[in-house]
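# A structural walkthrough
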Amino acid sequence: MTSGSELRARFEAALMPNYGTPPIALARGEGCRVWDTDGRSYLDLIAGIAVSALGHGHPVLVKAVAEQAATLAHTSNLFVHERAVELAERLIALLRDGTASDPGDIRVFFANSGAEANEAALKLVKRAAGAGRPTIVSTDGGFHGRTSGALALTGKPAFRAPFGPFGVDVRFVPYGDPGVLRDAVDDSCAAVFVEPVQGEAGVLPASDGYLAEVRGICDATGAAFVLDEVQSGIGRTGHWFAHQAEGVLPDVLTLAKGLGGGLPIGACVGFGRYATAFAKGDHGSTFGGNPVACAAALAVLDTIETDGLLAAAAELGGLLAEEITSVDSPLVAEVRGAGLWRGVRLSSQAAANVQTRSAEHGFLVNAVTPDVLRIAPPLTISREEILEFTGALPAILDQSAAEETPA
């Protein structure tokens, strides 16, 4: 097998430099563990950025993908295939079951990623609103994707600035502040885009009741409430969708990441009048709703349900947070998030160093911001695996603190 150093050298020579060169070259995975090309094993606490909901090599997922690939791998959008219809019906049922009120009509558009799902949502609300509502409201620190429309909505100047202008009038407001949001949303606004928790900002939750406030503001002004659950959806927080814990329903919902369990799929879901706002020809995707990706997504939903992974995410996520909070280290300032989606805020900008030291100890975590570690393991992680990590964490943090350079 090619060594890690050799593979990284080939990576540098063949791929564009937008990712830099990742320090670890992975070769295979099984369950919640992965192995690099040099044979070293790691407990995967990133899951491909909250994607690999069933871990690696899950037999139900492998079987579903293999059988579908052998039967019908691709159709384009020119033909109907059963897996896409079945998956859309399944998502609609989960959304209906999770709300106390009647959501009305619900329809699904399938894409290949979260960015594409948000692009579809942006076009959908524009089509529904018409020319008289040219403005979109989004939040500082929010992340909705790297494609042009999704990037226009992303409240991170470092990501946006080199690539504008975007041709979309976007007003940015502080995340979690309903008063400022209320002042920003008027009858010129087509939609408000928010996340229930800002993932790329460091798993940063809004205050209790914020989503209900957003819902009320959108109802009062006629703007669409677009909820980006690309990271938070499909069981990550211990609910099928994070908004179900808040008792609210958006007008448009976007999903991706964990839905495919490792295969690329995204979904834009419209409710009420947004369910049918697109007319024939308004939008499309050659690969969106691919039979193999849909079969994978169905396997993910089946396994989450049959194996009780929603309850497990809530229980084990609580254990993870409690164990990290109890670590006696000056580096741990806060643990936030829900379910198996946690941000560990550090007392200094040591996240990159902690990520490196964690890998040296055999654990993969993500320095999502300079002072926050993101932990989002497969939903199949066990209690023993969580305790394995939290048991090693004090030594990792002590080593990282000792290596800090004074300001």
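For the structure given in this document, a descriptive report is provided here. Bear in mind that the values here come from a model prediction, so they are computed numbers and not experimental data.

When its secondary structure is counted, the protein shows 13 helices and 17 strands. Dimensions along the principal axes, computed over C-alpha positions, put the protein at roughly 60 × 55 × 45 Å. Relative to its 407 residues, the protein shows a buried fraction of 54%. Counted over contacts in the protein with a minimum sequence separation of 6, partners at least 24 positions apart contribute 71%. Positive and negative charge centroids in the protein, built from 30 and 47 side chains respectively, lie 6 Å apart.

With that settled, consider the sheet that holds strand S15 (residues 363–364). Sheet architecture is open: 4 strands sit in the order S1-S2-S3-S15, paired in mixed fashion. Unpaired on one side and paired on the other, strand S1 (26–30) and S15 mark the two borders of the sheet. The pairing of strand S3 (residues 41–44) with S15 spans 2 bridges and is classified as parallel. Across the sheet, the residue bridging to Leu43 is Phe363, located in S15.

Taken as a whole and judged by the stated rule, the model has 3 aromatic pairs. Their ring planes at 80° and their centres at 5.8 Å tell us that Phe143 and Phe159 sit as a pair that is edge-to-face. You can see Phe143 sitting in the loop between strand S5 (135–139) and helix H6 (148–152) and its partner Phe159 sitting in helix H7 (residues 157–160), a full 16 residues away along the chain. Under the relative-accessibility criterion, Phe159 is labelled partly exposed at 24%. With centroids separated by 5.5 Å and ring planes inclined at 70°, the aromatic side chains of Tyr175 and Tyr210 adopt a geometry described as edge-to-face. Of the two residues, Tyr175 sits in the loop between strand S6 (169–173) and helix H8 (178–184) while Tyr210 sits in helix H9 (residues 210–221), which places them 35 residues apart along the sequence.

Of all 5 residues in S5, 5 are buried; the element is thus mostly enclosed. In S5, alternate side chains face the same way, and those of Thr135, Val137 and Thr139 on one face and Ile136 and Ser138 on the other are all buried.

With that settled, the discussion passes to the sheet that holds strand S10 (residues 224–228). Two modes of strand pairing occur in sheets, parallel and antiparallel, and in both the strands are linked by backbone hydrogen bonds. The strand order S4-S12-S11-S10-S7-S5-S6 describes an open sheet built from 7 strands, whose pairing is mixed. Here the strands that pair on one side only, and so sit at the sheet edges, are strand S4 (106–111) and S6. When the angles between neighbouring strand axes are averaged without regard to direction, this sheet yields 20°. Where strand S11 (residues 252–255) meets strand S12 (residues 266–271), 4 bridges bridge the pair, whose relative direction is antiparallel. Note on S12: the bridge partner recorded for Leu253 is Val269. Those strands touched by helix H4 (residues 82–97) are S4, S11 and S12, and its axis lies near 130° from that of S4.

Now for unusual backbone geometry. The linkage connecting Gly164 with the following residue, Pro165, adopts the cis geometry, with an omega of 0°. Mapped onto the elements, Pro165 comes out in the loop between H7 and S6. One non-glycine residue, Ala50, lies in the positive phi region at around 60°. Assignment of secondary structure puts Ala50 in helix H2 (residues 47–50).

Looking now at the side chain of Lys156. Within the fold, Lys156 resides in the loop between H6 and H7. With residues up to four places along the chain from it excluded, the contact list for Lys156 reads Gly141, Gly142, Phe143, Glu200 and Ala201.

What follows deals with the environment of Leu91. Here Leu91 shows up in helix H4. Of the residues examined, Leu91 reaches a relative accessible area of 0% and is grouped as buried. Contacts of Leu91, omitting those with residues within four sequence positions, involve Phe110, Ile234, Phe241, Leu255, Leu259, Ala267 and Leu301.

What counts and how
Residues numbered from 1 in each chain as written. Predicted model: local features only at pLDDT ≥ 70, side-chain atom pairs only at ≥ 80, totals over all residues. Heavy atoms only, no water. Helix = DSSP H or I, 4+ residues; strand = E, 2+ residues; numbered from the N terminus. Buried < 20%, exposed > 50% of the residue type's maximum accessible area, 1.4 Å probe, protein only. Contact = heavy atoms within 4.5 Å. Lys, Arg positive; Asp, Glu negative; His and termini not counted. Charge placed at Lys NZ, Arg CZ, Asp CG, Glu CD. Pairing = 2+ DSSP bridges. Phe/Tyr/Trp six-rings, centres within 6.5 Å; stacked < 30°, edge-to-face > 60°. Axes fitted to C-alpha atoms, helices over the stretch in contact; angles between N-to-C directions.

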